[in-house]
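Listed below are the residues making up each chain.
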Amino acid sequence: MKSFVCSLCHNGIVGGGLYLDSQSLTYKTNKLTVGKKYRNLVLPMQEIKEISWKWIVFPIATVNMKNGELYKFIIFNKSRFIKWFQEYSQ
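Read on for an overview of the structure. Remember, it's a predicted structure, so these values are computed and weren't measured experimentally. In every chain, residue numbers begin from 1 and rise along the written sequence. Restriction of local features to residues with pLDDT of at least 70 applies here, the model being predicted, together with a cutoff of 80 or more for giving and counting side-chain atom pairs; totals for whole chains, interfaces and linings are based on all residues. Working from all heavy atoms in the structure, the side-chain values ignore hydrogens and water.

A few words now on the environment of K37. Helix numbering and strand numbering both begin at the N terminus, where a helix is a DSSP run of H or I of at least 4 residues and a strand a DSSP run of E of at least 2. Within the secondary structure layout, K37 lies in helix α1 (residues 36-39). Along the primary structure K37 and V63 are separated by 26 residues, whereas in three dimensions their C-alpha atoms are 16 Å apart. In what follows, a contact means two residues having at least one pair of non-hydrogen atoms within 4.5 Å. Dropping the residues within four chain positions of it, K37 is found in contact with E69 and Y71.

Before going further, it helps to examine the packing of aromatic side chains. Each aromatic pair joins two rings of Phe, Tyr and Trp (for Trp, the six-membered one) with centres within 6.5 Å, and gets the label stacked for planes under 30 degrees apart, edge-to-face for over 60, and tilted for any other angle. For the structure shown, the criterion picks out six aromatic pairs. An angle of 50° between the planes, with centres 5.8 Å apart, marks the rings of Y27 and F73 as tilted. Residue Y27 is located in strand β3 (residues 24-28), and its partner F73 is located in strand β7 (residues 70-75); the two are separated by 46 residues in the primary sequence. Here Y27 matches F73 in class, with each residue buried. Relative to F76, the ring of F58 has its centre 5.2 Å away and its plane inclined at 75°; by these criteria the two rings are edge-to-face. Of this pair, F58 sits in strand β6 (residues 58-65) while F76 sits in the loop between β7 and α2 (78-89), placing them 18 residues apart in sequence. Under the relative-accessibility criterion, F58 is labelled partly exposed at 38%. Burial classes: relative accessible area under 20% of the type maximum marks a residue as buried, over 50% as exposed, and values in between as partly exposed (1.4 Å probe, protein chains only).

Taking every second residue as pointing to the same face, the buried face of strand β4 (residues 40-44) carries L41 and L43, while none of N40, V42 and P44 on the other face is buried. Two elements, β3 and β4, share five bridges in a ladder whose sense is antiparallel. Considered in β4, the bridge of K28 is made with N40. Strand pairing is assigned whenever DSSP identifies at least 2 bridges connecting the two strands.

Moving on to α2. For α2, built from 12 residues, the straight-helix expectation of 16 Å at 1.5 Å per residue is met to within 8% by its first-to-last C-alpha distance of 16 Å. Every buried residue belonging to α2 is among F81, F85 and Y88, and all of these are buried. With its buried residues spanning 70° around the axis, α2 presents them on a single face. Turned more than 90 degrees off the buried face of α2, the exposed positions are S79, K83 and E87. Taken together, the buried residues of α2 touch β1 (2-9), β2 (13-20), β3, β5 (48-56) and β7. By this rule, a helix spans an expected 1.5 Å times one less than how many residues it contains. Each direction from the helix axis to a C-beta atom contributes to the arc, which is the arc of those directions.

Have a look at this one:
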């Protein structure tokens, strides 16, 4: 499992951790002001359609799910994340 410092872009910017392994991409935060769904958001690898990137001061990853849902994250080590995402998604 690999971990990354990140922020979820949902009703503002919410800091937390992003955890990546061969089964899922998981966002976790302990902030009580965030809805329960987003405190421990598990995105199964087989349900991720694609990840696209854009740069607005920081690299922003948009995770496109097969069901049409989108999740945006600021990931502070883009190159390391891409390397491990490719490794785990094969």
